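# Structural description and commentary
Next come the chains, spelled out residue by residue.
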Amino acid sequence: MLLIFICLPFLAMAGYQFYQVNFGILKYADWTAEECIEDRKCVWTAFSNIAFESEFEFETTKKGHLAKWNESIVVGVEAEKDQEKMEALVQQQINYLKQHTELNISLRHKGGGNNTKANIILFFSKDFDHLIYKKYHSTFINIFKRYTGDPNYFFKIYNSINDKELCFATVFSEKKKEEDLKLSFIFINILKENSIILSCIQEEITQAMGLFNDIKQFKKSTLFNDSNETKNLTKLDTLLLKILYDPRVKFGMNRREVKKIFTPIYEKTYQQLQAEGI
């Protein structure tokens with residue numbers, strides 16, 4: 001399975017059709033993150049629309065089933081400049097994920113003597129075309145052939161993206177276990193200002209955890225509304241991530257299965273959020 005999602009200042013992109021929001025999201029469109037996290041039905045509506053759907057129609061996803069990581073994550077950084085600075089920004093997001101998912105996540109420092117293979121790699125580049133078609137072309141071909149069966153699948157999609165100015169990401173899973181995430185590539189424009197780079201890191205890494213959908217009607221979420229001017233993660237974003245990585249929530253579950261156990265999970269994660277003072 002291959003997923004691709006993009007961080008853009010606007011949602012209008014020719015050639016793509018966003019999933020229309022279902023399950024009552026419009027009722028909560030104008031609620032703040034603080035208001036939503038207080039209401040179990042609002043949180044379920046957000047989780048149901050974001051965790052069970054994918055951002056784009058062309059994705060080869062198993063719709064309606066949860067995807068998440070079930071193994072240790074090693075994050076690698078490949079930057080054309082300011083390697084240490086980019087690693088420091090990524091480390092901030094790793095610390096956030098470790099706090100809220102209890103996953104074993106670490107940063108592999110370039111040149112640090114750690115030969116462990118990274119399964120999430122962030123590429124910071126000023127020229128995505130050169131990166132994809134020159135520097136890492138053969139590597140990407142082998143990866144995409146393994147996970148999709150078509151070595152040119154990613155390149156076809158990449159060429160159809162009209163706006164590649166900010167950042168985008170790919171996520172892979174094994175063919176036999178489509179909801180068990182195994183690998184992610186994240187591409188970020190290194191020429192942007194630091195606040196935008198940090199926002200891209202936050203959104204792309206966190207969505208790569210399994211919260212794939214963007215919802216333009218949900219105005220108060222940072223991660224899941226690319227048109228939102230808010231750059232920092234909200235309490236709602238954090239709560240949704242904590243719910244996804246509650247041990248009772250298993251990869252491959254459908255909406256009906258999660259809804260049956262959602263109330264105690266919501267109550268536990270909400271209390272954790274309050275105790276952490278976020």
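In case you missed it, the structure is sitting above this.
Heads up: these notes are all about the structure in this document.

## Focus: the overall build of the protein
Scanning the protein for helices and strands turns up 9 helices and 7 strands. In the protein, which comprises 278 residues, the share counted as buried stands at 56%. Taking as baseline every contact in the protein between residues at least 6 positions apart, the subset at least 24 positions apart corresponds to 73%.

## Some thoughts on the pattern of salt bridges
Close approach of charged atoms allows side chains of opposite charge to pair. Counted according to the given criterion, the structure contains 5 salt bridges. Linking K182 and E71 is a salt bridge whose minimum nitrogen-to-oxygen distance equals 2.8 Å. Taken together, the residues span a long stretch of sequence, with K182 in strand β7 (residues 180-189) and E71 in the loop between β2 (68-69) and β3 (73-79) at a distance of 111 residues. Residue K182 is classed as partly exposed on the basis of its relative accessible area of 22%. Notably, a salt bridge pairs R248 with D246, separated by 3.0 Å at the nearest N-O pair. Judged by relative accessible area, which is 35%, R248 ranks as partly exposed. Residues joined in a network through salt bridges with shared partners are E71, D180 and K182.

## Focus on the state of the cysteines
Using the criterion set out here, one finds 2 disulfides in the structure. Put simply, C36 and C42 are joined by a disulfide, and their sulfur atoms are 2.1 Å apart. Around the S-S axis, the bridge from C36 to C42 shows a dihedral of about -110° and counts as left-handed. C36 sits in the buried class, given a relative accessible area of 1%. The exposure class of C42 is buried, given its relative accessible area of 0%. Paired by a disulfide, C167 and C200 hold their sulfur atoms 2.1 Å apart.

What counts and how
Residues numbered from 1 in each chain as written. Predicted model: local features only at pLDDT ≥ 70, side-chain atom pairs only at ≥ 80, totals over all residues. Heavy atoms only, no water. Helix = DSSP H or I, 4+ residues; strand = E, 2+ residues; numbered from the N terminus. Buried < 20%, exposed > 50% of the residue type's maximum accessible area, 1.4 Å probe, protein only. Contact = heavy atoms within 4.5 Å. Salt bridge = Lys/Arg side-chain N within 4 Å of Asp/Glu carboxyl O. Disulfide = S-S within 2.5 Å.

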